[in-house]
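The residues making up each chain are set out below.
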Amino acid sequence: MENINKINVKDDYNREYFIKLSKSIVYTAIGIIIFFIPIKLNGQVLNLIYHISYKLQSNMKHFIEVCIVFYLIIGMFKEILKCNLKNKNILIISRIVALIFLVNIFFGSKNGLLGNDNVYLLIEEVVLNTIIVFTIGVLFMPFLEYGLLELTSVYLNKYTKLLFRIDGISFLNILVYIFTNPFCGMFMTNKLYREGKLKEYEACNIILNFSILSYPIVIYICGYLNINLAYAITVSTTVLILINMVLSRIYPISKKKKSYYLKSNKKNSYPKKDKLKKIIKYYLSNSDSKGLFKAIIDNLEESISISINLIPNIVIFLYIGQIILNSEIIIEIIKILINPVLDVLQVKNINELVGFIIDVFYNTIIGINNVDKSISIQTKILICIIGILSCTSISTNIIYIANNKMALKINIKEFIISYLLRINLIIIIYIFIAYLYSGYLI
């Protein structure tokens, strides 16, 4: 009788193991297809998240606009009902102003209130694209959590640690930035940090130095500037690796804590032999019991909560940001900080390049659309690389990190210093590569 019980227990274990393994394989395959496999639909080669987003915007735009305004109203009343209203006055006023702007943009005359037609167009586009892509991406993100994180981590940890001082589990996170958008990437970074899978300096390193442009926008930039896409990606990847080897070891990353947000019992495992077999066994023995549907609902709830805070940030930051960055004082300060490097390296079209560096800190698409196409091809390529690798802008990570739902904290000073260091390094490394390339051709 005892032997029969042992056999039954063993059979139950094997059955449970097989079910877990099968779910892991199926869900991982679905996640890869949704996030990372470009599919051609309606003449566009994009991943499924973007195809779904564009379909929703074309068929349900007005409904989505109503939902966004509803989110803002909910957020405003939540703040009003909180205690210590004396300390919340500025926040509530900003929510009211953002609500008025959005109602005017979505349902009103779309002009007069903002004083600049380009501003309301930008706000409308950023709000709609960001919220839709962000929500869809976050909804599908649980499909990436069924062993794929651990699998990529175990094979790449040695290289990511050596080059960039980040855990191998970050690699999949970086791919989400590239193939989806920075908001989905930062959601994942914050989640990994909050769950104790990334240290503070690693999470900050990813947000400051790896939140590069998503692939669809890279295609747009290369098409607008008439630059070969494969060439732009190859050069940008080379420059990215070189600059991040430096930036991951200096301020502000060097000053961040080398500790976890919380101590987790599930430590990252990195076997040296039989990696695939051991990592599968490790994942299956440590996987959460929470089902896929529950994980999706939890992510939906969190994405709505983040969006309630994110939408007014987008409106206010973009409106105030365009006023600040159009200031002559800002332009002169940037010239003082960038010009010495440009003069030494004899970069052409300095005024156009400095103008772009200022614009791209505000918004990449605005910066690209303001580029004079008659400038030299060398400067065009440099602008393309800066656009792809700038990693910092008011319309992306600065807005998101200001969200009070973020466990990870980065201040504006760190963003600005990191941005200026990155721009100077990009220029130096690109000019050096271009010089070697030209010399080789000669």
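Up top is the structure these notes are about.
Now for a look at the structure at hand. Every chain is numbered independently, its residues counted from 1 as its sequence is written. Given that this is a predicted model, residues contribute local features only at a pLDDT of at least 70 and side-chain atom pairs are listed and counted only at 80 or more, while totals for whole chains, interfaces and linings are drawn from all residues. As a convention, hydrogens and water are excluded, and side-chain values are obtained from all of the structure's heavy atoms.

1. Focus on the nonpolar core
Part 1: Nine residue types can take part in a nonpolar core, namely buried Ala, Val, Leu, Ile, Met, Phe, Trp, Tyr and Cys, and a core is a set of them joined through side-chain atoms within 4.5 Å. Note on classification: 1.4 Å probe, protein chains only; a residue is buried when its accessible area is under 20% of the maximum for its type, exposed when over 50%, partly exposed between these limits. Ranked by internal contacts, the top residues of the largest apolar core, which has 124 residues, are Leu102, Val127, Ile357, Ile386, Tyr400 and Ile427.
Part 2: Only runs of H or I of at least four residues qualify as helices and only runs of E of at least two qualify as strands under DSSP, and these elements are numbered from the N terminus. For this core, the element with the highest residue contribution is helix H4 (residues 117-140), accounting for 13 residues.
Part 3: When checking whether two residues touch, look at their non-hydrogen atoms; a contact exists if any pair is within 4.5 Å. In contact with isoleucine 357, other than residues within four places in its own chain, are Ile334, Ile338, Ile386, Tyr419, Ile423 and Ile427.

2. Quick notes on helix H6 (residues 170-179)
Part 1: H6 sits mainly inside the fold: seven of its 10 residues count as buried.
Part 2: Here H6 has its buried residues at Ser170, Leu172, Asn173, Ile174, Leu175, Val176 and Tyr177.

3. Quick notes on empty space enclosed by the protein
Part 1: Detection works on a 1 Å grid of protein atoms alone, calling trapped sets that fit a 1.4 Å probe cavities and calling open sets with protein on both sides within 12 Å along at least five of seven lines pockets, with lining residues defined by an atom within 4 Å of a point. Grid points are joined across faces, edges and corners, and a volume is the space filled by probe spheres set on the points. Across all of its chains, the model carries three cavities of 30 Å³ or more by this definition.
Part 2: Around the largest cavity, the lining comprises 13 residues; the ones closest to its centre are Ser211, Leu213, Cys391, Thr392 and Thr396.
Part 3: Each residue receives one of three labels: charged for Asp, Glu, Lys and Arg, nonpolar for Ala, Val, Leu, Ile, Met, Phe, Trp, Tyr, Cys and Pro, and polar for the others, Gly being one of them. Residue composition of the lining of the largest cavity, by class: five nonpolar, eight polar and no charged.
Part 4: Considering only enclosed or pocket space, the second largest cavity measures out at about 50 Å³ in volume.
Part 5: Lining the second largest cavity are Pro38, Val45, Leu46, Asn47, Phe179, Tyr215 and Pro216.
Part 6: Elements represented by at least two residues in the lining of the second largest cavity include exactly strand S2 (44-46) and helix H9 (215-225).
Part 7: The class makeup of the residues in the lining of the second largest cavity is six nonpolar, one polar and no charged.

4. As for the environment of leucine 337
Part 1: Position of leucine 337 among the secondary structure elements: in helix H13 (residues 328-345).
Part 2: Note on leucine 337: relative accessible area 40%, which makes it partly exposed.
Part 3: A C-alpha to C-alpha distance of 9.9 Å links leucine 337 and leucine 421, two positions 84 residues apart in sequence.

5. Re the packing of helix H3 (residues 89-107) against helix H12 (residues 292-325)
Part 1: Close contact between H3 and H12 brings their axes to 9 Å; oriented N to C, the two are set at 80°. Considering the angle they form, H3 stands roughly perpendicular to H12. Contacts between H3 and H12 involve Ser94, Arg95, Val97, Ala98, Phe101 and Leu102 on the former and, on the latter, Ile308, Asn309, Ile311, Pro312, Val315, Ile316 and Tyr319.
Part 2: Of the residues in the contact of H3 with H12, the class split is 10 nonpolar, two polar and one charged. Between N-to-C directions, angles span 0 to 180 degrees; the directions come from axes that are lines fitted to C-alpha atoms, helices contributing only their stretch in contact. Here the word oblique covers every angle except those under 35 degrees (roughly parallel), over 145 (roughly antiparallel) and from 65 to 115 (roughly perpendicular).

6. Re the pattern of salt bridges
Part 1: A carboxyl oxygen of Asp or Glu within 4 Å of a side-chain nitrogen of Lys or Arg is what we treat as a salt bridge. This model, assessed by the stated rule, comprises seven salt bridges.
Part 2: When the shortest N-O distance is used, the salt bridge between glutamate 195 and lysine 197 registers 3.6 Å.
Part 3: Classification of glutamate 195 as partly exposed rests on a relative accessible area of 30%.
Part 4: For glutamate 414, the salt bridge is made with lysine 256, and the minimal N-O distance between the two is 3.1 Å. Of this pair, glutamate 414 sits in helix H18 (residues 412-441) while lysine 256 sits in the loop between helix H10 (229-247) and helix H11 (275-286), and the two are 158 residues apart along the sequence. There is no split in this pair, since glutamate 414 and lysine 256 are both buried.

7. A look at the packing of aromatic side chains
Part 1: Pairing of aromatic rings covers Phe, Tyr and Trp, the last counted by its six-membered ring, and requires centre-to-centre distances within 6.5 Å; plane angles under 30 degrees mean stacked, over 60 mean edge-to-face, and any other angle means tilted. All chains considered together, the criterion is met by 16 aromatic pairs.
Part 2: Geometrically, the ring pair formed by phenylalanine 36 and phenylalanine 179 is edge-to-face, given 5.7 Å between the ring centres and 75° between the ring planes. On the criterion of sequence distance, the pair formed by phenylalanine 36 in helix H1 (residues 2-36) and phenylalanine 179 in helix H6 is long-range, its members being 143 residues apart.
Part 3: Residue phenylalanine 179 is classed as partly exposed on the basis of its relative accessible area of 23%.
Part 4: Between phenylalanine 183 and tyrosine 400 the ring centres are 5.8 Å apart and the planes differ by 65°, which places this aromatic pair in the edge-to-face class. Highlighted residues: phenylalanine 183 in helix H7 (residues 182-194) and tyrosine 400 in helix H17 (residues 397-401), separated in sequence by 217 residues.
Part 5: Its relative accessible area of 3% is what places phenylalanine 183 among the buried residues.
Part 6: Assessed through its relative accessible area of 1%, tyrosine 400 is described here as buried.
Part 7: Only when the NZ of Lys or the CZ of Arg is both within 6 Å of the ring centre and within 35 degrees of the ring normal is a charge said to sit over the ring. Over the face of the ring belonging to tyrosine 201 we find lysine 258, whose NZ or CZ atom lies 5.6 Å from the ring centre.

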